[in-house]
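A structural walkthrough
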Amino acid sequence: MNYEDCIAQQRHFFNTNTTKDVSFRIKELRRLRSVLQENEELLYSSIYSDFKKSKFETYTTELSIIYHDIDLAISKIKKWTKKKRVFSGLTNLPARSYIIPEPYGTILVIGAWNYPYQLSLCPAIAAISAGCTVILKPSEVPSNTASTLAKLINQNFDPNFFKVIEGGVQETTDLLKIKFDKIFFTGSVPVGKIIYQAAAKHLTPVTLELGGKSPAIITKDVNMAMTVKRLVWAKFLNAGQTCIAPDYVMVESSVHKTFLEAMKTEILNTDYQVENHNYTQIVNDKNFERLVSFLDNPDKISLGGDYNAEKRSIPPTLLTNVEFSDKIMQEEIFGPILPVLSFESIEEAITKIKKLPKPLSCYVFTKSNRIKKKVLDEISFGGGAINDAVMHFSEPRLPFGGVGDSGIGQYHGRYGFETFSHQKSILQKSFLIELNLKYSPYTKNKLKWIKRLLS
Ligand code: NAD
């Protein structure tokens, strides 16, 4: 079946109003949970064959988040779908005003490769909970993972409701020629621009979950042991291939040396070995070569720097003496290389960070309330953490999304439901009375009363 027909059939199914029934949504979400649970071993083996992601990381950073999103949606859908009463003004009394969340319709979800299950399924879960039908196009880069998703979804769901279409640039380009009611894209900034342009041709609303260079700021007063423990975990999880990983560190110059030594000790105490299921491969040769090209100056390598092309493995690597003008500071690193820069004053750090596009995340490790406030007030970023990194993603009550170059829109929990819902505003009047004030003839007396009423 061609793409036009697939989408036309989903649209037709949506128009039967089946998905508007909350019990249908709950039943389909339960189905998704059991399909995933029954096939966990296949999910683990597929992602392991793609980039050696361990069971532990697959469960903690993918499956547990998906299960949690499903459970939260199931328990809250009835509340989320309720119409919301709001106050009606004097002009319309007697009347009721309310907002009805209305599903957008037929959705296209385009996934990224780095957390291939979670970044594909969590938006789909949000769309289903809002009452939409879903075409899911996972990233083609982890090919086993993509075909497992296609197999599990397409064998267990009505394609008129939820269907996976596999493919890369060509297939996505073809899909984008068709009108959807909403497109949810996770991926890079350049491709995000392509999606936005294609959506504009149909006036299709978009959510763009993009990337960028997320900074971590470290001041001299921190608990250094805890700071480096949290930072090392956040940076080298998934071998640095995480959209909200700290991309670079800015550390107060008086503790620069202490920080570097503590980072080295922490990394060396941790077993970052693919063979031991504690570390991930770089996803493909293209990304491996891109990352290796950042390691061309041995003078700047403080730890690591060696790599294994055959295994596509790069150990945790620390760089020092890095300038904002260096190549590595011009693009998102998206790998296990961490430049450590220093600053004299928080004002200097903020000024430098703000010269780059608005990041997806920002982290500040400090005990100083003044510095926390200054960073939150003065740097615009999607979301982040104080005295931690990455973990804000695990809070389903916090909306997740970027700002500026790091994205448009947000999801997770209730915010995901709202991302796929139009807020339909209704004013409901009765036939009890009708004031004559707004009707012609427009007399001076009427204007006097209108001024009183509306002021
Ligand atoms: P990507 O932009 O290369 O690919 C994302 C999707 O777009 C894939 O499904 C791919 O098939 C499709 N695509 C690629 N080129 C296309 C084109 N020319 N036309 C149409 N579709 C195209 O991104 P990626 O390499 O999969 O992921 C890495 C990027 O995603 C990083 O920048 C990272 O920060 C970002 N990311 C963001 C989030 C987030 O939640 N904000 C999460 C994960 C990754």
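The present account deals with the structure reproduced in this document. (Residues numbered from 1 in each chain as written. Predicted model: local features only at pLDDT ≥ 70, side-chain atom pairs only at ≥ 80, totals over all residues. Heavy atoms only, no water.)

1. Side note on helix α7 (residues 169-176)
Structural remark: α-helix, 3.6 residues per turn; residues separated by three or four positions point the same way. Every buried residue of α7 is accounted for by Thr172, Leu175 and Leu176. Buried positions in α7, seen along its axis, are confined to an arc of 95° and lie on one side of it. In the core, the buried residues of α7 are packed alongside α1 (3-14), β3 (106-110), β4 (133-137), β6 (182-186) and α8 (189-200). (Buried < 20%, exposed > 50% of the residue type's maximum accessible area, 1.4 Å probe, protein only. Helix = DSSP H or I, 4+ residues; strand = E, 2+ residues; numbered from the N terminus. Arc of directions from axis to C-beta. Contact = heavy atoms within 4.5 Å.)

2. Here we look at the pattern of salt bridges
In the structure shown here, the tally under the stated rule is 21 salt bridges. A salt bridge links Asp181 to Arg11; its shortest N-O distance comes to 3.0 Å. Placement of Asp181 in the loop between α7 and β6 and of Arg11 in helix α1 is noted, with a sequence separation of 170 residues between them. The class for Asp181 is buried, based on a relative accessible area of 18%. Judged by relative accessible area, Arg11 falls into the partly exposed class, the value being 27%. Between Arg414 and Glu418 there is a salt bridge, with its nearest N and O atoms 2.8 Å apart. With Arg414 and Glu418 both in helix α14 (residues 413-419), this residue pair falls 4 residues apart, about one helical turn. On the basis of relative accessibility, which here comes to 31%, the residue Glu418 falls in the partly exposed class. (Salt bridge = Lys/Arg side-chain N within 4 Å of Asp/Glu carboxyl O.)

3. Digging into the side chain of Ser54
Tracing the sequence through the fold places Ser54 in the loop between α3 (40-51) and α4 (55-81). In terms of polar contacts, Ser54 uses its side chain to reach the backbone amide nitrogen of Glu57, at 3.1 Å. (Polar contact = N/O pair within 3.5 Å; in protein donor to acceptor, adjacent residues only side chain to side chain.)

4. Topic: the packing of α3 against α4
The geometry of α3 relative to α4 is characterised by a closest axis approach of 10 Å and an angle of 125° between their N-to-C directions. Viewed along their axes, α3 and α4 adopt a mutual orientation that is oblique. Crossing hand, α3 versus α4: right-handed. In this structure, α3 contributes Glu40, Glu41, Leu43, Tyr44 and Ile47 to the contact, and α4 contributes Lys55, Thr58, Tyr59, Glu62, Leu63 and Tyr67. Tallied by class, the residues present in the contact of α3 with α4 amount to 6 nonpolar, 1 polar and 4 charged. (Axes fitted to C-alpha atoms, helices over the stretch in contact; angles between N-to-C directions. Parallel < 35°, antiparallel > 145°, perpendicular 65-115°, else oblique. Left-handed = near helix turned anticlockwise from the far one by under 90°. Nonpolar A, V, L, I, M, F, W, Y, C, P; charged D, E, K, R; others polar.)

5. Let's talk about a nonpolar patch on the surface
Taken together, the side chains of Leu90, Leu93, Leu453 and Leu454 present a nonpolar region at the surface, about 390 Å² in accessible area. Locating Leu90 in the fold gives a position in the loop between β1 (84-86) and β2 (95-103). Assessed through its relative accessible area of 57%, Leu90 is described here as exposed. (Patch = residues over 30% accessible without salt bridge, like charges linked within 9 Å, V, L, I, M, F, W, Y side chains within 5 Å. Areas by Shrake-Rupley, 256 points an atom, 1.4 Å probe, with all protein chains shown as cover.)

6. Considerations on the packing of helix α2 (residues 22-38) against α4
Viewed as axis vectors pointing N to C, α2 and α4 meet at an angle of 175°, and their least axial separation amounts to 10 Å. Between α2 and α4, the interaxial angle falls into the category roughly antiparallel. Where α2 approaches α4, its residues Val22, Arg25, Ile26, Leu29, Arg30, Leu32, Arg33, Leu36 and Gln37 are matched on the opposing element by Ile66, Tyr67, Ile70, Asp71, Ala73, Ile74, Ile77, Lys78 and Thr81. Taken together, the residues of the contact of α2 with α4 sort by class into 11 nonpolar, 2 polar and 5 charged.

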